Amino acid sequence: MSAASKSDLYRKLPSVDELLRRPELVEAVRREGHTLVADAARNVLERLRQKISAANGDPHAMAAEVSQVVQAVTVELEHSVAYSLRPVVNATGVILHTNLGRAPLAGAALDHMRTAAEGYSNLEFDLATGERGKRDVHASRLFQKLFGDLASRQVSTVVVNNNAAAVWLALNTLAARGEVIVSRGELVEIGGSFRIPDVMAQSNAILREVGTTNRTRIADYEHAINENTRVLLRVHRSNFQITGFTEQPALEELVDLAQRKNLIVIEDLGSGAIFDLRSLGLTEESTVAASLRAGVDVVTYSGDKLLGGPQAGMLSGSTALIQRTRKNSLFRALRVDKLTYAALETALLAYVKGDYDAIPALRMMRASKEVIGRRAQALAERLRESGIDVELVDGESVIGGGAAPSSTLPTRLLTITLRGVSADDLQTRLRAGEMPVIARVQDGRVVIDLRTVFASEEDCIVQSLMKMAGGG
Ligand SMILES: *Cc1c(COP(=O)(O)O)cnc(C)c1O
C-alpha cells in the first residue's frame, strides 16, 4: 500500500469524540454508559491504525473496513458487556469437574438461594427471641440429623469457604506451635496449589513425617510422639494411588494410639463420600460417617466434591474441638455467606431424606449405562440424519476431583467424526460455540459422554454439530 493511500485512510478514521456522536453509539452510551463505549471505540480505532500501518494488501478492502467502524465498535462493545462467567455443556463425563465448576446445583437449591438473597433473611437473627443469632444454626440442625447419633460423643459441624480452609482452620486451632504427625505416603498435592506441607506451615503447625512413601506402620507414629505432639493427621490421597507393596494403619489403630497418648486425630477426607458409594458398584470409599464412628476427632471435607452442593468446607467432629475452631479469630475470614448456607441447606435436606436423586451430581453417578446408552442412541440418530458420522462405543465416566476420584462408571460414548476436520479442530470448534460444548478427545476422535449432559442441553450439541457439518 502506498504512503499516500495510507495517509488517506488515516484521514478517514474518525476521532473517538466523532464516533461517539454517531446515533447508534449515542444510543449505546445511553444503554451501557460512556466508559465502556469510549473504551470500545478506542480499541477499534487503535486496531485499525495498526492494521493500516502494517497493511500491505488492498487499499479498497481497508477502506471498506474503515467505513464499517461503527459496526466494529458495536461488536467490541457486545463482547465487553457479555458476562465472562458463562454456562457450558459438560460432555466430558467427569461429574465433579473442578475446571467446570464441580457440582451443578439442584433447582430447589437455586430457588432457596434466590428467596434468601433477593430480600432480607434471618441469617443471624433469632426469630423466636428477636435477638442476634448465629448463621451456623441453618446447617447444624441438619448435620445433627446426619451425624448426631453416630458416635458415643457429641458431634458438631462448622462450615467454611472450602476444604482447604477447613484443613487450615483445624490445624491452626488444634496444633499451632505443636507437632502434627503425617505418613510420608499422605503428603499429597491436590489441584495444583493445595499441598499438605505448605498448608501445615501456614497454619503454624510443625510437620513430623513418618514412615515411607509406600509403607507406614502404627509403630512409626508411636515412635515419633513426643511432648510437643498435638495431632495425628490422616489425609485422603484423593486422585493419587499407591498400590502393590503398601501398608497403612487402620483408622481405628490411629484413634486408639491417639486416645492412649491424649492426642487428637484429624482426617482430611476431602474426596471421600458422604454415603456409601458401594451401592453404586464403586470400590469402597471412606465416608464421613464411618470416620466419625471410628472415633476420628475432626473430619474435614468439601461441600461440592463430597456433597454435590455448593463450594464449602466442613469440619465435623467432637463438639468441644469444633467449638474451639469456631472461636479461632480467623474464622470470620473463612466463613460462608447466605447463598452458600441456602444451597447447603437444600443439599443436606436431600441427604437427610435419603432423596439422592435430588442432587444432580448423585443423579449423574446413579444413571445406568443402559439409560445413558438409550439417550446416546437417540442423539446418534438425530446426528446421522444431518449427515454426521457417529458411532456408539463403551467407555468410562469419571466421578472426578470428588467423591471417589479414582472411581469410574461404565458408560456409552458417542464418537463423532466430521469429514475433513481433525479431532482437535472439532473439539476447539465445539468450544467456540455460543453455548460452548466441552468434549474429550480419545484415540483420535471426539467423544461425548451424556452422563454429565442435561437432557435440555442435547439440542445445543446437535445444533453445534449441524452448523459445522453444514457450514463446512
Ligand atoms: C479436594 C481436596 C482438598 C481441597 O478441597 P477444596 O474444597 O478444593 O478446598 C483438600 N484435601 C483433600 C484430600 C482433597 O481431596
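Shown above is the structure to which this text applies.
Description of the structure in this document. All figures in this text were calculated on a predicted structure; none of them were measured in a lab.

With that out of the way, let us pick up the overall build of the protein. For the protein, the helix and strand inventory stands at 20 helices and 18 strands. For the protein, the spread of C-alpha atoms along the principal axes amounts to about 90 × 55 × 50 Å. When the 472 residues of the protein are sorted by exposure, 49% land in the buried category. Of the contacts formed within the protein by residues at least 6 apart in sequence, a portion of 74% connects residues at least 24 apart. Counting every atom, the protein has about 23,400 Å² of accessible surface; 49% of that belongs to carbon and sulfur.

Moving on to the site of the ligand. Residues in contact with the ligand amount to 13 residues; listed here are only the nearest, Ala 164, Asp 268, Ser 271, Ser 302 and Lys 305. Separating an oxygen atom of the ligand from a side-chain N or O atom of Arg 102 is a distance of 2.9 Å. Note that an oxygen atom of the ligand is positioned 2.5 Å from one of the side-chain N or O atoms of Ser 302. Bound to the protein, the ligand loses 94% of the 380 Å² it would expose on its own. Put simply, the parts of the chain that give the shell around the ligand at least two residues each are helix H9 (163-175) and strand E11 (264-270).

What follows deals with the sheet that holds strand E12 (residues 298-302). Ordered by their spatial adjacency, 7 strands build an open sheet running E5-E13-E12-E11-E10-E6-E9, and the pairing between neighbours is mixed. Where the open sheet ends on each side, the last strands, each with one partner, are strand E5 (155-160) and strand E9 (206-210). For this sheet, the mean angle separating the axes of adjacent strands, direction not counted, is 25°. Strand direction decides the pairing type here: strand E6 (residues 179-183) and strand E10 (residues 229-235), joined by 3 bridges, are parallel. Across the sheet, the residue bridging to Val 180 is Val 231, located in E10. Contacting E10 and E11, helix H12 (residues 251-261) crosses the sheet at an angle of about 175° to E10.

A few words on the pattern of salt bridges. Following the criterion strictly, the structure yields 31 salt bridges and no others. Among the salt bridges present, the one from Glu 209 reaches Arg 184, with a minimum N-O distance of 2.8 Å. Placement of Glu 209 in strand E9 and of Arg 184 in the loop between E6 and strand E7 (189-190) is noted, with a sequence separation of 25 residues between them. Under the relative-accessibility criterion, Glu 209 is labelled partly exposed at 35%.

Along the chain, the position of Ile 399 falls in strand E14 (residues 389-400). Here Ile 399 falls in the buried class, since its relative accessible area comes to 0%. Sequence separation between Ile 399 and Ala 361 is 38 residues; the distance between their C-alpha atoms is 8.9 Å.

Moving on to the packing of aromatic side chains. By the definition in use, this model includes 2 aromatic pairs. Plain terms: the ring middles of Phe 143 and Phe 147 are 6.3 Å apart, the flat faces sit at 20° to each other, and that makes the pair stacked. With a gap of 4 residues between them, Phe 143 and Phe 147 both fall in helix H8 (residues 137-147), about one helical turn apart. Relative to Tyr 356, the ring of Tyr 351 has its centre 6.0 Å away and its plane inclined at 55°; by these criteria the two rings are tilted.

This part covers the sheet that holds strand E17 (residues 440-442). Across the sheet, 5 strands lie side by side as E2-E14-E15-E18-E17; this open sheet has mixed pairing. One side of each edge strand has no neighbouring strand; the edge strands of this open sheet are strand E2 (94-96) and E17. Pairwise comparison of adjacent strand axes, ignoring direction, gives a mean angle of 40° for this sheet. Examined bridge by bridge, E17 and strand E18 (residues 445-449) share 3 bridges and lie antiparallel to one another. When the sheet's bridge partners are listed, Val 441 is paired in E18 with Val 446. Across the sheet, helix H19 (residues 423-431) touches strand E15 (408-417), E17 and E18, and the angle it forms with E18 is around 45°.

Quick look at unusual backbone geometry now. Located in the positive-phi region is Arg 102, a residue other than glycine, with phi close to 55°. Here Arg 102 lies in the loop between E2 and helix H7 (107-118). Exposure remark for Arg 102: the relative accessible area of 23% places this residue in the partly exposed category. One non-glycine residue with positive phi stands out, namely Arg 177, at about 70°. Note that Arg 177 resides in the loop between H9 and E6.

The rules behind the values
Residues numbered from 1 in each chain as written. Predicted model: local features only at pLDDT ≥ 70, side-chain atom pairs only at ≥ 80, totals over all residues. Heavy atoms only, no water. Helix = DSSP H or I, 4+ residues; strand = E, 2+ residues; numbered from the N terminus. Buried < 20%, exposed > 50% of the residue type's maximum accessible area, 1.4 Å probe, protein only. Contact = heavy atoms within 4.5 Å. Areas by Shrake-Rupley, 256 points an atom, 1.4 Å probe, with all protein chains shown as cover. Near = heavy atom within 4 Å. Polar contact = N/O pair within 3.5 Å; in protein donor to acceptor, adjacent residues only side chain to side chain. Pairing = 2+ DSSP bridges. Axes fitted to C-alpha atoms, helices over the stretch in contact; angles between N-to-C directions. Salt bridge = Lys/Arg side-chain N within 4 Å of Asp/Glu carboxyl O. Phe/Tyr/Trp six-rings, centres within 6.5 Å; stacked < 30°, edge-to-face > 60°.

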